[in-house]
Amino acid sequence: MDIDISKIKFEEAYDNVPFQEYTLYFIAPKDLVKDKYPEAEHSTISLELMTRTVMISPTKNGMDYDWSDIELDDDAIDKLITLYMLHKMRAKNNG
């Protein structure tokens, strides 16, 4: 799947300690899911850092409701991680 990183925003990170997973969540354009989910307000991308597994879900009324695996190349995954790192640095500098 091709994604335009400039249209994606970091949302949150979730540290699932028991399963040793650290997952990043991003808000992405509706365009990525509009063909299958025209009712979606936007899409949400999750990236599990340890395995570099990427999933996408349509989002409506604040709820992600149909997660599916997607394939992104290493460059796109690295850019998502960079978005997270930039967010983390901004938060640290503003905190």
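Along each chain, residues carry numbers from 1 onward, in the same order as the chain's sequence is written. At least 70 in pLDDT is required for a residue's local features to be given in this predicted model, at least 80 for side-chain atom pairs to be given and counted, and no such filter applies to totals for whole chains, interfaces and linings, which use all residues. By convention in this description, side-chain values take in all heavy atoms of the structure and omit both hydrogens and water.

A. Looking closely at the overall build of the chain. Across its full length, the chain carries one helix and six strands. In sequence order, the secondary structure elements of the chain are arranged as β-β-β-β-β-β-α. Just to be clear, the radius of gyration here is over C-alpha atoms, and the globule rule we use is 2.2 Å times residues to the power 0.38. Compactness check: the chain gives a C-alpha radius of gyration of 13 Å against a globular reference of 12 Å for 95 residues, within 12% of the reference. Along the longest, intermediate and shortest principal axes, the C-alpha atoms of the chain span 40 × 30 × 25 Å. A buried classification covers 33% of the 95 residues belonging to the chain. Accessible areas in this description were obtained via Shrake-Rupley with a 1.4 Å probe; residue shielding takes into account the shown protein chains only. As displayed, the chain offers around 6,400 Å² of accessible surface, 50% of which is attributable to carbon and sulfur atoms. In this charge count, Lys and Arg are treated as positive and Asp and Glu as negative; neither His nor the chain ends contribute. Taken as the charge location is NZ of Lys, CZ of Arg, CG of Asp or CD of Glu. The distance from the centre of the 11 positive side-chain charges to the centre of the 19 negative ones in the chain is 7 Å. Runs of E in the DSSP output that reach at least two residues are strands. Runs of H or I that reach at least four are helices, and both are numbered from the N terminus. Only protein chains enter the accessibility calculation, which uses a 1.4 Å probe; a residue whose area is less than 20% of its type maximum is buried, one above 50% is exposed, and one in between is partly exposed.

B. Up close: the packing of aromatic side chains. Side-chain rings of Phe, Tyr and Trp (the six-membered ring for Trp) are treated as a pair once their centres are within 6.5 Å; stacked means planes under 30 degrees apart, edge-to-face means over 60, and tilted covers the remaining angles. Enumeration according to the criterion identifies five aromatic pairs in this entry. Taken together, a centroid distance of 5.3 Å and an interplanar angle of 50 degrees make the contact between F10 and Y84 tilted. Within this pair, whereas F10 is found in strand β1 (residues 9-16), its partner Y84 is found in helix α1 (residues 74-94), the two being separated by 74 residues in sequence. Per residue, the accessibility class of F10 equals that of Y84, and both read buried.

C. Here's a closer look at the pattern of salt bridges. Whenever a carboxyl oxygen of Asp or Glu lies within 4 Å of a side-chain nitrogen of Lys or Arg, that contact is scored as a salt bridge. Throughout the structure, instances matching the rule amount to three salt bridges. Among the salt bridges present, the one from R52 reaches D74, with a minimum N-O distance of 3.7 Å. With R52 in the loop between β3 (42-48) and β4 (53-60) and D74 in helix α1, the pair connects residues that are 22 residues apart, well separated along the chain. Of the residues examined, R52 reaches a relative accessible area of 31% and is grouped as partly exposed. On the accessibility criterion, D74 (51% relative accessible area) is exposed. Put simply, D78 and R52 hold a salt bridge, and the shortest N to O gap is 3.0 Å. Remark: R52 occurs in the loop between β3 and β4 and D78 occurs in helix α1; sequence separation between them is 26 residues. A network of salt bridges, in which partner residues are shared, links R52, D74 and D78.

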